[in-house]
Amino acid sequence: MIGESVSRVDALGKVTGEALFPGDIDMPNQAYMKILFAGRPHSIIRRLDTTAAESLEGVLGIFTARDVPVNEYGLLQNDQPVLCGPGSNKPYAERVRFIGDQVALVVAESEEIAAQATKRIEVEFEDLPIVTDPDEAMQRGAPLLHPDRESNIFQRNRIRKGDVEAGFAEAAVVIESEYRTPAQEHAYLQPEAGLAYIDDEGRVTVEVAGQWTHEDQGQIAHALDLPVDKVRVKYAAIGGAFGGREDMSVQIVLALAAWRLHERGIDRPVKIIWSRPESILGHNKRHPFILRSKWGASAEGKLLAAEVQVIQDGGAYVYTSTKVLGNATLMCTGPYRIPNVKVDAYSVYTNHIPGGAFRGFGGPQGAFAAEMQMEKLAVALGMDPVELRARNVLKEGDLLSVGSPLPEGVTLDRVIESCAENAGWDRTNDGWVAPELEQPVEPHLRRGIGVACAFKNVGFSYGFPEECWATVELHGGVEIEEVVLRHAGAEVGQGAHTALVQMAAEAAGVPLNNVRLDPSDTATSENSGSSSASRMTFMAGHAIRGAVEAAMVKWQDEDRPAIAKYQYRPPPTTPFDPETGQTQPSFAYGYVAEAASVEVDTETGAVRILDVICANDVGRVVNPQGVRGQIEGGIVQAAGYAILEDFRQEGGEVQTGLLSTYLIPGIWDIPERVRPVILEYEDPGGPWGVRGMAEMPFIPLTPAVVAAVYNATGVWFDEFPLTPERVLWGIQASASN
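Colleague: Tell me about the overall build of the protein chain, and name the residues and values.
Modeller: Along its length, the protein chain carries 17 helices and 27 strands. For the protein chain, whose C-alpha radius of gyration is 26 Å, the value lies close to the compact-globule estimate of 27 Å for 737 residues. Across the 737 residues of the protein chain, 62% fall into the buried class. Restricting to contacts in the protein chain with at least 6 residues of sequence separation, those with at least 24 account for 79%. Of the roughly 26600 Å² of accessible surface on the protein chain, 47% is carried by carbon and sulfur atoms. Computing the positive centroid from 63 side-chain charges and the negative centroid from 101, the protein chain places the two 2 Å apart.

See below:
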């Protein structure tokens, strides 16, 4: 079954409408919930009066901060109140720190009544100074978002390798630039929704869409001060995630409402569906970054030194910022051999919407700075950009900036070569030579081509604990007639459940139809970890194969049904050394290179992406059609990041809170052609040689597009998205200089 483009196991249900997403699930006698959001970027709630709202007919209950047993949560740090307001056991929980902080929950007979009641809740705010510039937030004396901390800087990373001053002194060319990357909205099809109730075993049960059932379960149990086994989390069909569902949205508040109603003798399911504006305001975004880079190279194109300052706008709470910063810290110097490196990286609190996980997880921001530096160095040296990369790219045994080698199976040199050849580069005795694009007859239209590459960790990194469990049951008489696989991994649209079934069939030696998957339920599955970090196929493959092998032993002993569990733990990783930055960051990586050709209208500034080549080493392919879909989808999403999606926050207020003002790619905006080049160099550490690959196609597209625009116009853009306004202003400014 490995390597076959089998039909997705969830396809029929999703195209017929039989599959139920959280918003589709209804239960008898259910009630409805609405949330009162803060609507203020930085304030203290001095008074919260729910009397008028409680008097509204049809209101079943209103819950505030004083109703939360342990009023804190967070994926990495418990720095966020479940509900903001007075009466809480959490210090400073009466503060709101971004407009999407949640203040009160209203449960009523209908959604309309609940919405009406939220408007009757009286809140007295004392506004505080608003901090939105991460540079200013870092300064001594800046208003503190969290008064129990000494600074708005909540994470520092540093790398010290070699002697950067000596490296720059030796360099023939030195390039200095400041890059700024924007926030990005996940814009998944299904807004946050869910249903909570008390099940037949007395557990608080929440049916939602997320990325890590057991982490959701743990955070709910912590906030409600319940034993973990008194909380159950089930995932229904999930309408996209891209990292945006790693952090809490409605999980804890749904459980809180159902539990508190139960304590009052009201055993009714509670349902919520966020509107699109609520979704945009209420969940995290891709982090904006400021990256100040100085790189030096010899006249022969050998990289000698890199110095980078990385400032991450973390927003109001930590979420996954510290781990995202770790990736950006590593990737801001690219996948290159650089003997002398100095990096200082900071995560900073601001009154913006919190930054969190988004496909690429710090890789797109770090890679943008690194790849743009390579492009500028290539121009300054008069060298082809592919040739410059080929001379410096990391190979087997080379040391990263953090002093450790990549795990065995480094293939980026071959990935770059394949991308370049497919994009029309020639390899001559003097090195690589870029193709000459045919120009349009219209003088205001100019075409250009650009290239970029990247690497990305597979799995959690920097010492974060990793595990993945699988439970397998083998049923039958003489032959195995059914394989039951119980696994908690989330299917967020990427085809994970199909891959799980394929791997179980492969391991057990049975047809695909003989495998039955029981997914994403904390009551039936052990912890699988998150469907993120391009890790699920890699991690689950090891766990499934181990469980099947253990069950096979029982099967041979005629212990039937043969049931076995297996926990896979990958090789350990280590955190950054606080002084040198030395670390073994990750146990596996994926490698990607992309070439993009564009057409720029110099009269309007419009950029059209014509063609994208994506060469991606995926190890061994589990499902070729699924891999192609991931590549195409990732590039379309990255195209929006590069040229279209302009998420605006001013004074802590969102200016683009609708999909009519925050534009995502439509059919006329996506690249005209995407050509996946799927490379299979088996990962020595992966199950069946598999590598993770879901995030990789996203990462290098923006620098490839920006390089192509430079190739077309001769204008550098150090900030994006490349909206028509930004491009036109850049062209006009360049012409006037």
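Colleague: How would you explain the pairing of strand β8 (residues 173-181) if you had to name every residue and give the values?
Modeller: Working note: regular strand, side chains alternate between the two faces of the sheet. Residues V173, I175, S177, Y179 and T181 of β8 are buried on one face, while the alternating residues V174, E176, E178 and R180, pointing to the opposite face, are not. In the sheet, β8 pairs with strand β13 (residues 289-297) via nine bridges, with the strands oriented antiparallel. For V174, the partnering residue across the bridge sits in β13 and is G296.

Colleague: Could you give an account of the packing of aromatic side chains, with specific residues and numbers?
Modeller: Applying the stated criterion across every chain, the model contains 15 aromatic pairs. On the basis of an interplanar angle of 40° and a centroid distance of 5.5 Å, the ring pair of Y641 and F698 is categorised as tilted. In this pair, Y641 is assigned in helix α15 (residues 624-643) and F698 in the loop between β27 (673-679) and α16 (701-713), connecting sequence segments 57 residues apart. An identical accessibility class is assigned to Y641 and F698; each is buried. Measuring from ring centre to ring centre gives 4.8 Å for Y641 and F720, while their planes differ by 85°; the resulting arrangement is edge-to-face. Taken together, the residues span a long stretch of sequence, with Y641 in helix α15 and F720 in the loop between α16 and α17 (724-736) at a distance of 79 residues. Each member of the pair Y641 and F720 is classed as buried. Among the aromatic side chains, those forming a connected cluster through ring pairs are Y179, F358, F368, Y641, F698 and F720. For R286, the ring lying beneath its charged end belongs to F358, and the centroid distance is 4.1 Å. R535 extends its terminal NZ or CZ atom over the ring of F460, reaching a point 4.6 Å from the ring centre.

Colleague: Residues and numbers for the side chain of R276, please.
Modeller: Tracing the sequence through the fold places R276 in helix α8 (residues 276-282). Only 2.8 Å separates the side chain of R276 from the backbone oxygen of Y188, close enough to count as a polar contact. Setting aside residues up to four positions removed in sequence, R276 forms contacts with A187, Y188, L189, Q190, P191 and L659.

Colleague: Any chance you could break down the nonpolar core for me, citing the residues and the numbers?
Modeller: Ranked by size, the top nonpolar core spans 142 residues in total, and within it W295, V310, W425, I544, V705 and L722 carry the most contacts. The residues touching L722, leaving out its near neighbours within four places in the chain, are V607, A642, I643, V705, V706, V709, F717 and V727. Formed by 70 residues, the second largest nonpolar core is a distinct cluster that contains A117, V231, Y235 and V654.

Colleague: Before we move on, could you go through the side chain of E278 and cite the residues and values that matter?
Modeller: Note that E278 resides in helix α8. If we ignore the near neighbours within four places in the chain, the residues touching E278 are K34, F37 and I273.

Colleague: An account of the pattern of salt bridges is requested, with residue identities and associated values reported.
Modeller: A complete count under the given rule lists 46 salt bridges for this structure. Of the charged contacts, one joins R292 and D135 as a salt bridge, the two residues approaching to 2.7 Å between their closest N and O atoms. With R292 in strand β13 and D135 in helix α4 (residues 134-137), this residue pair connects regions lying 157 residues apart in the sequence. Here R486 and E473 are joined by a salt bridge, their closest N and O atoms 2.9 Å apart. Placement of R486 in strand β20 (residues 480-487) and of E473 in strand β19 (residues 468-476) is noted, with a sequence separation of 13 residues between them. The exposure classification of R486 matches that of E473, with both residues buried. Each of D199, E201, R203, R232 and D521 takes part in a single network of salt bridges with overlapping partners.

Colleague: Got a sec to walk through the environment of V386? Specific residues and values, please.
Modeller: Note that V386 resides in helix α11 (residues 385-392). Classification of V386 as buried rests on a relative accessible area of 1%. Taking the C-alpha atoms as reference points, V386 and L406, 20 residues apart in sequence, are found 21 Å from one another. Other than its neighbours up to four places away in sequence, V386 contacts I416, A420, W425, W432 and V451.

Colleague: Mind laying out helix α6 (residues 213-224), listing which residues take part and the relevant values?
Modeller: Look at α6: 17 Å from first C-alpha to last across twelve residues, which is about the 16 Å you get at 1.5 Å a residue. Taken residue by residue, α6 has T213, H214, E215, D216, Q217, Q219, I220, A221, A223 and L224 as its buried positions. Residues of α6 that are buried in the fold lie against β10 (204-208), β11 (231-235) and α7 (251-263). With its phi angle positive at about 55°, D225 sits one or two positions after the end of α6.

Here is what the cut-offs are and how they apply
- Residues numbered from 1 in each chain as written.
- Predicted model: local features only at pLDDT ≥ 70, side-chain atom pairs only at ≥ 80, totals over all residues.
- Heavy atoms only, no water.
- Helix = DSSP H or I, 4+ residues; strand = E, 2+ residues; numbered from the N terminus.
- Rg over C-alpha atoms; globule rule 2.2 N^0.38 Å.
- Buried < 20%, exposed > 50% of the residue type's maximum accessible area, 1.4 Å probe, protein only.
- Contact = heavy atoms within 4.5 Å.
- Areas by Shrake-Rupley, 256 points an atom, 1.4 Å probe, with all protein chains shown as cover.
- Lys, Arg positive; Asp, Glu negative; His and termini not counted.
- Charge placed at Lys NZ, Arg CZ, Asp CG, Glu CD.
- Pairing = 2+ DSSP bridges.
- Phe/Tyr/Trp six-rings, centres within 6.5 Å; stacked < 30°, edge-to-face > 60°.
- Lys NZ or Arg CZ within 6 Å of the ring centre and 35° of its normal.
- Polar contact = N/O pair within 3.5 Å; in protein donor to acceptor, adjacent residues only side chain to side chain.
- Core = buried A, V, L, I, M, F, W, Y, C linked by side-chain atoms within 4.5 Å.
- Salt bridge = Lys/Arg side-chain N within 4 Å of Asp/Glu carboxyl O.
- Expected span 1.5 Å × (residues − 1).

Any functional reading would require information that these geometric values do not contain.
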